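# Report on the structure
Single-letter residue listing:
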Amino acid sequence: MTTIWVSSTSLSANKLTPRTISESLYRTYADRLGLHIREAEDVISAAPLPDWTPPELDLPPGTQVGFIERRAYDQYGLPCEASWTWFDPARAQYFSKVP
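Residues numbered from 1 in each chain as written. Predicted model: local features only at pLDDT ≥ 70, side-chain atom pairs only at ≥ 80, totals over all residues. Heavy atoms only, no water.

## Quick word on the packing of aromatic side chains
- Across all of its chains, the model carries 4 aromatic pairs by this definition.
- Taking 5.6 Å as the distance between ring centres and 90° as the angle between the ring planes, the aromatic pair formed by W52 and W86 counts as edge-to-face. Remark: W86 occurs in strand β4 (residues 79–87) and W52 occurs in the loop between β2 (39–48) and β3 (64–73); sequence separation between them is 34 residues.
- Assessed through its relative accessible area of 11%, W86 is described here as buried.
- Ring pairing ties together the aromatic residues W52, F67 and W86, which thus form one cluster. (Phe/Tyr/Trp six-rings, centres within 6.5 Å; stacked < 30°, edge-to-face > 60°. Helix = DSSP H or I, 4+ residues; strand = E, 2+ residues; numbered from the N terminus. Buried < 20%, exposed > 50% of the residue type's maximum accessible area, 1.4 Å probe, protein only.)

Take a look at the structure:
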């Protein structure tokens, strides 16, 4: 389960819809927004699932799970994205390759 925030300066007039987002979010950023991720930093720890955890996750809010906090920087070195990911380490493995 992931929440992603992208800098509003990166979004400009381009609109993203479910049809325009590919499997690779960073490729979508580059192709649709002209935004190129130069580097990203991940901090991995454990955290409780938030109150808005969907029931499909089959874990109640407050359950301790794996947690990744990411900050990404654009081609100019400016912060452009922040994301927070909660995952169940019994069912998922975290892998990162940027870019």
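Having seen the structure, we can now continue with the description.
## A closer look at the pairing of β4
- For β4, the tally of buried residues reaches 7 of 9 residues, placing the bulk of the element in the interior.
- As paired elements, strand β1 (residues 2–6) and β4 share 5 bridges and run antiparallel to each other. Bridge pairing links I4 to S83 in β4.
- Pairing of β3 with β4 involves 8 bridges; the strand directions are antiparallel. From the neighbouring strand, I68 faces β4, where its bridge partner is T85.
- Adjacent in sequence and paired antiparallel, β3 and β4 are bridged by 5 residues, among which G77 carries a positive phi angle near 85°. (Pairing = 2+ DSSP bridges.)

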